[in-house]
Amino acid sequence: MRNENFIQVLWVEDDPEITETYPLEAARYGIQLVPFSCWQDAEAALLSDFKRWSAIVLDAKCKYKKESQDNAAVFLTQALTSIASICTQQHRVLPWYVLSGGSDDELLDLIIDTREEWDGDWKKKYYSKNTDREILFHRIPYHAKISPEMQIRNVFYKDVFNAIRRANLGDNVEIYMEDLLLPIHAYDMSSKDYNNRMTLVRKCIELLFHSMAGYGLLPSKKEGDVLKLHDKLVDRRGGINITGCSKIIAGVDHGFKDTIIIKSHKNILPNVLKDSIQRLVEIAGAFEHAENKDASEEKQENSRHTSEFLDCIGNAPYLLRSMANELCCIILWYDQYILDNDDPEINALNWEIVDNSNFTQVKI
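Our subject in this report is the structure included herewith.

Analysis parameters
The residue numbering used here restarts from 1 in each chain and proceeds along that chain's sequence as written. Restriction of local features to residues with pLDDT of at least 70 applies here, the model being predicted, together with a cutoff of 80 or more for giving and counting side-chain atom pairs; totals for whole chains, interfaces and linings are based on all residues. Where side-chain values are given, they derive from all heavy atoms of the structure, hydrogens and water being excluded. Helix and strand definitions here come from DSSP, where helices need a minimum of 4 consecutive H or I residues and strands a minimum of 2 consecutive E residues; each element is numbered from the N-terminal end. Any residue under 20% of the maximum accessible area for its type is buried, any over 50% is exposed, and the rest in between are partly exposed; the area is computed with a 1.4 Å probe on protein chains only. Residue contacts are defined here by distance: any two heavy atoms, one from each residue, within 4.5 Å place the two residues in contact. Each accessible area value is a Shrake-Rupley result obtained with a 1.4 Å probe; residue values ignore everything except the protein chains displayed when judging cover. Centres within 6.5 Å make a pair out of two Phe, Tyr or Trp rings, where for Trp the six-membered ring is used; the pair is then stacked when the planes are under 30 degrees apart, edge-to-face when over 60, and tilted otherwise. Looking down the strands as they point away from the viewer, one classifies a crossover as right-handed if the path from the first strand across the helix to the second runs clockwise. When DSSP locates at least two bridges between a pair of strands, those strands are taken to pair. Each axis is a line fitted through C-alpha atoms, taken for helices only over the stretch in contact, and angles between the N-to-C directions span 0 to 180 degrees. To estimate how far a helix should extend, the number of its residues minus one is multiplied by 1.5 Å. As used here, the arc belongs to the directions running from the helix axis to the C-beta atoms. Definition of a polar contact: a pair of N or O atoms within 3.5 Å, with one able to donate and the other able to accept a hydrogen when the atoms are protein atoms, and with sequence-neighbouring residues admitted only if both atoms are side-chain atoms. Two distance rules govern patches: like charges are joined within 9 Å, and nonpolar side chains (Val, Leu, Ile, Met, Phe, Trp, Tyr) within 5 Å, applied only to residues with over 30% relative accessible area and no salt bridge. Criterion for a salt bridge: a side-chain nitrogen of Lys or Arg within 4 Å of a carboxyl oxygen of Asp or Glu. Charge assignment in this entry is limited to Lys and Arg as positive and Asp and Glu as negative, and neither His nor the chain termini are counted. Think of each charge as sitting on NZ of Lys, CZ of Arg, CG of Asp or CD of Glu.

So, the overall build of the protein chain
Part 1 of the argument: Secondary structure summary: the protein chain contains 17 helices and 11 strands in total.
Part 2 of the argument: Residues counted as buried form 45% of the 364 residues belonging to the protein chain.
Part 3 of the argument: Within the protein chain, counting contacts between residues at least 6 apart in sequence, those at least 24 apart form 65% of the total.
Part 4 of the argument: Roughly 19,000 Å² of accessible area belongs to the protein chain as shown, and the carbon and sulfur atoms make up 48% of that amount.

Overview of the packing of aromatic side chains
One pair of aromatic rings is described through two measures. These are the centre distance and the angle between the planes.
Part 1 of the argument: Across all of its chains, the model carries eight aromatic pairs by this definition.
Part 2 of the argument: With a centroid separation of 5.6 Å and 75° between ring planes, the pair formed by Trp96 and Trp118 is classed as edge-to-face. Here Trp118 lies in helix α5 (residues 116-119) and Trp96 lies in strand β4 (residues 96-100), a separation of 22 residues in the sequence. Judged on exposure class, the residue Trp96 and its partner Trp118 are both buried.
Part 3 of the argument: Ring geometry for Tyr97 versus Tyr127: centroids 6.1 Å apart, planes at 70°, classification edge-to-face. Here Tyr127 lies in strand β5 (residues 127-128) and Tyr97 lies in strand β4, a separation of 30 residues in the sequence.
Part 4 of the argument: Accessibility expressed as a relative area gives 1% for Tyr127, which makes it buried.

Overview of the pairing of strand β1 (residues 7-12)
Part 1 of the argument: The element β1 is largely enclosed, with a buried count of six among its six residues.
Part 2 of the argument: Neither face of β1 is open: one carries Ile7, Val9 and Trp11, the other Gln8, Leu10 and Val12, and all of them are buried.
Part 3 of the argument: Of the crossover connections in this fold, the one passing from β1 over helix α1 (residues 16-27) to the parallel strand β2 (residues 31-36) is right-handed.
Part 4 of the argument: Pairing of β1 with strand β3 (residues 55-58), which is carried by four bridges, proceeds in the parallel orientation.

Structural notes on the sheet that holds β4
Part 1 of the argument: Here five strands make up an open sheet; going across it, the order is β2-β1-β3-β4-β5 and the pairing parallel. Edge positions in the open sheet fall to β2 and β5, since each of these has one partner strand only.
Part 2 of the argument: As paired elements, β1 and β2 share six bridges and run parallel to each other. Pairing of Val12 across the sheet is with Phe36, part of β2.
Part 3 of the argument: Contacts from helix α2 (residues 39-48) reach β1, β2 and β3 within the one sheet, and its direction differs from that of β1 by about 150°.
Part 4 of the argument: Helix α6 (residues 133-146) rests against β1, β2, β3, β4 and β5 of the sheet, and its axis sits at about 170° to β4.

Re α1
A turn of α-helix holds 3.6 residues, and therefore any two residues three or four places apart point the same way.
Part 1 of the argument: A rise of 1.5 Å per residue sets the reference length of α1, with its 12 residues, at 16 Å; its end C-alpha atoms lie 18 Å apart and thus fit the reference within 8%.
Part 2 of the argument: When we look at burial in α1, the residues that qualify are Ile18, Tyr22, Pro23, Glu25 and Ala26. The arc that holds every buried residue of α1, seen down its axis, measures 160°, which confines them to one face. The outward face of α1, more than 90 degrees from its buried face, is lined by the exposed residues Pro16, Glu17, Glu20 and Leu24.
Part 3 of the argument: Check the buried side of α1 and you find it contacts β1, β2, β4 and α6.
Part 4 of the argument: Measuring from the side-chain oxygen of the N-cap residue of α1 to the backbone nitrogen of Glu17 gives 3.0 Å; that N-cap residue is Asp15.

What about a negative patch on the surface?
Part 1 of the argument: On the surface, Asp340, Asp342, Asp343 and Glu345 cluster together into a negatively charged patch.
Part 2 of the argument: Structurally, Asp340 is set in helix α16 (residues 318-340).
Part 3 of the argument: Of the residues examined, Asp340 reaches a relative accessible area of 54% and is grouped as exposed.

Brief notes about the side chain of Thr306
Part 1 of the argument: Here Thr306 lies in helix α15 (residues 306-312).
Part 2 of the argument: Taking the relative accessible area as the measure of exposure, Thr306 reaches 2% and is therefore buried.
Part 3 of the argument: Looking at Thr306, its side chain comes within polar contact range of the main-chain oxygen of Ile283, at 2.6 Å.
Part 4 of the argument: Not counting residues within four places of it along the chain, the set of residues in contact with Thr306 comprises Met198, Ile283, Ala286, Phe287 and Leu319.

Focus: unusual backbone geometry
Part 1 of the argument: A positive phi is found at Asn168, a non-glycine position, where the angle reads about 55°.
Part 2 of the argument: Note on placement: Asn168 falls in the loop between α8 (158-166) and α9 (171-185).
Part 3 of the argument: Phi is positive for Asn315, close to 55°, though the residue is something other than glycine.
Part 4 of the argument: Checked against the element boundaries, Asn315 lands in the loop between α15 and α16.

Structure below.
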């Protein structure tokens, strides 16, 4: 089971005695060693959940595939080549270390020099299982903390990312929030390029509303075992009616042209967030659709004109930075709210769908 408070380390080791004992040692340093018996399985875990891992530890003499023989040359060549390729695709450096019981003669020519990017002050190319385990377990957290991505997730905004996971908002919200928050602290990125990420604000809020439907806070329908937003709040292209969702959770009724009304019986938003969600969406939406010349005169007049505003302040990044931090507050509030209100059936009492043409309640 994943321990959210521990640094996650992908570990390739096929000796069952070692996989039972080393994780207990590593845990004293705040590390969760997650073992895989061959590189093929480890690679699959790396590809499926890349953001989870802070480091990789490789036993030099291990298997490439389950049916393979232990062979340091084959294993390390395949593993290190694969790690380099995956990290290039992900635009991120993921520190790796070799922890082995082998001899210098076997390993020196197999361990490539890219390790010096993070581990250059360690004069040996690998760590000995017999003498160097303790120092390796010291160094992994140090390198993880100085990684910009890990600082964002584990230091500056640790409470936010813990809330995202606890509220089951999904991997995409984690990725979008990292992309919004990282340039505030670490990236050498132009302000204009950063502002181009404004669409991620809307994407986070859409995923938040999907989550709310699953907890009964918004009208939902069942697809298989999953509760999704009701058709009335989703357009033909799959887009979300942000205004409708925002009104319902704010205790405001929302009507449709076909006389269907969603009556809201409760405002679940604290006053400090009363207008936040709708305002963030309007600002992001005006940026996304700035070039839409066909919009009605009324829509043009009511637009936030985000792109024009950013142009007049020299594309400074402060508006999007403030929006990203406001999203953090919304996520923290939502996490606490569903901790206290986790029953979908009770939450669904907050609203009802009514057909206003004959005043009969429509059951979902």
